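What the coordinates show
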Amino acid sequence: MDLQLKGKTAFISGSTQGIGFAIAKQLLQEGATVTINGRSQQKVDESVAKLNQQVPGAKAAGIAADFSKAAEVDQLIARLGAVDILVNNAGIFEPKPFTEITDAEWLRFFEVNVLSGVRMSRALFPKMLEKNWGRIIFISSESSILIPEEMIHYGTTKTAQLSISRGLAELTKGTGVTVNSVLPGPTRSEGVEEFIKQIGASKNITEQEVEADFFKTMRPSSLIQRFAGVDEIANLVTYVASPLSAATNGAALRADGGLVRSII
Ligand code: NAD
């Protein structure tokens with residue numbers, strides 16, 4: 001299937017690894033020009049080189065900016081210019097008992113997970129409307145619906161993304177611009193890989209045992225009973241980013257392995 005992405009330009013926040021990197025790779029494979037992002041220039045340069053090497057003829061570039069620092073985001077926006085596809089992917093997660101989450105941590109989670117997408121959309125959405133074509137995709141989480149008791153701050157930020165996404169979609173009426181959210185379930189990104197290793201080491205069990213235990217005790221409603229691969233999330237995002245998805249707007253699309261027990 002030709003996803004008609006040749007000639008389109010895309011920006012993905014937080015994309016030097018994990019789900020964001022997988023989305024970048026697939027968009028490049030489809031012929032889009034992609035700008036990736038991470039916090040350090042060195043990691044951004046390494047990831048750009050990796051993408052250009054892994055995808056023959058790829059047109060990847062990168063801009064370093066930390067989404068917890070407003071001034072760096074302003075500089076990023078000034079350098080980036082207009083894009084056709086904005087993927088608000090940058091996000092942080094960390095299990096922590098509710099009573100131990102400080103105001104500073106609440107604000108940091110809000111800044112990186114929520115304001116990141118607000119700031120990028122505020123700059124780029126008007127340009128998309130002017131062009132009468134564009135795609136904004138928020139990478140939310142199944143945790144936006146099933147708030148995890150071990151990280152309520154994270155779940156709260158992921159729910160906020162759904163409100164922003166649906167609200168922006170309301171402003172696209174009658175145009176060629178769409179705004180949607182994609183909700184991954186537990187996914188084996190580098191960030192999650194690290195988490196699995198730490199638990200394995202602390203409990204002296206294998207990574208396979210950590211995975212089996214996680215789905216048995218923490219996410220029992222998962223239908224696939226395993227972590228999704230990053231490509232399984234990127235497949236859906238790449239389709240939503242394409243012109244073929246034009247009839248999907250204002251939606252919260254799940255790639256959660258059936259974890260959310262809902263029929264719609
Ligand atoms: P990851 O930790 O593997 O990668 C995160 C990326 O974001 C990295 O490139 C990192 O450099 C970047 N990043 C982190 N903080 C940043 C900041 N302050 N400024 C700029 N970049 C920053 O993460 P992942 O698992 O691939 O998650 C990506 C997105 O998917 C997040 O929004 C996350 O909430 C969401 N998600 C992940 C899962 C999962 O199980 N992996 C499930 C649901 C939703």
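For every chain, the first residue of the written sequence is number 1, and numbering continues from 1 onward in sequence order. Local features in a predicted model are, by the rule used here, given only for residues with pLDDT of at least 70; side-chain atom pairs are given and counted only at 80 or more, and totals for whole chains, interfaces and linings are based on all residues. Side-chain numbers come from the whole structure's heavy atoms, not from hydrogens or water.

Observations regarding the site of the ligand
Taken together, 31 residues are adjacent to the ligand, and Thr 16, Asn 89, Tyr 154, Thr 187 and Ser 189 come closest. We call two N or O atoms a polar contact when they sit within 3.5 Å, provided that within protein one can donate a hydrogen and the other can accept it, with sequence-adjacent residues counted only if both atoms are side-chain atoms. The contact in question runs from an oxygen atom of the ligand to an N or O atom on the backbone of Gly 191, over 3.0 Å. Relative to its unbound accessible area of 830 Å², the ligand is 94% covered by the protein chains. In DSSP terms, a helix is any run of H or I states spanning at least four residues, a strand is any run of E spanning at least two, and both are numbered starting from the N terminus. At the level of elements, helix H1 (18-29), helix H5 (152-170) and helix H6 (190-203) are the ones that each hand at least two residues to the shell around the ligand. Ranked by residue count, the leading element in the shell around the ligand is H6, at 3 residues. Looking at the shell around the ligand, its residues break down into 12 nonpolar, 15 polar and 4 charged. Domain ranges listed in this record stem from an automatic or a database domain assignment. Each of two domains, domain 1 (9-186 + 229-255) and domain 2 (188-227), supplies a minimum of three residues to the shell around the ligand. Neighbouring residues are identified by heavy atoms, a residue being near a molecule or strand if any of them is within 4 Å of it. Each accessible area is a Shrake-Rupley result for a 1.4 Å probe, and residues are judged covered by the shown protein chains and nothing else. Each residue is assigned to one class: nonpolar for Ala, Val, Leu, Ile, Met, Phe, Trp, Tyr, Cys and Pro, charged for Asp, Glu, Lys and Arg, and polar for all the others, Gly among them.

Concerning the domain arrangement of the chain
Segmenting the chain into domains produces domain 1 (9-186 + 229-255) and domain 2 (188-227). Here domain 1 and domain 2 have C-alpha centroids that lie 25 Å from each other. Residue contacts follow a heavy-atom distance rule, with two residues in contact if any of their heavy atoms lie within 4.5 Å. Counting from both sides, the interface comprises 12 residues of domain 1 and, opposite them, 12 residues of domain 2. Buried area is a sum: the accessible area each of two parts loses on coming together, probed at 1.4 Å, counted once for each and added. When domain 1 packs against domain 2, close to 940 Å² is buried across both sides, 56% of that on carbon and sulfur atoms. Of all residues in domain 1, the largest losses of buried area upon contact with domain 2 belong to Gln 17, Phe 93 and Pro 186, amounting jointly to 43% of the total for that side. Salt bridges, as used here, are contacts in which a Lys or Arg side-chain nitrogen is within 4 Å of a carboxyl oxygen on Asp or Glu. Between domain 1 and domain 2 we count 3 salt bridges in total. With a closest N to O distance of 3.2 Å, Glu 142 and Arg 219 form a salt bridge.

Considering the side chain of Asn 113
Residue position: Asn 113 is located in helix H4 (residues 103-131). Only protein chains enter the area calculation, which uses a 1.4 Å probe; residues under 20% of their type maximum are buried, those over 50% are exposed, and those in between are partly exposed. Exposure remark for Asn 113: the relative accessible area of 1% places this residue in the buried category. In terms of polar contacts, Asn 113 uses its side chain to reach the backbone amide nitrogen of Ile 92, at 2.8 Å. Those residues in contact with Asn 113 that sit more than four places away from it in its chain are Ala 90, Gly 91, Ile 92, Tyr 154, Thr 157, Lys 158 and Gln 161.

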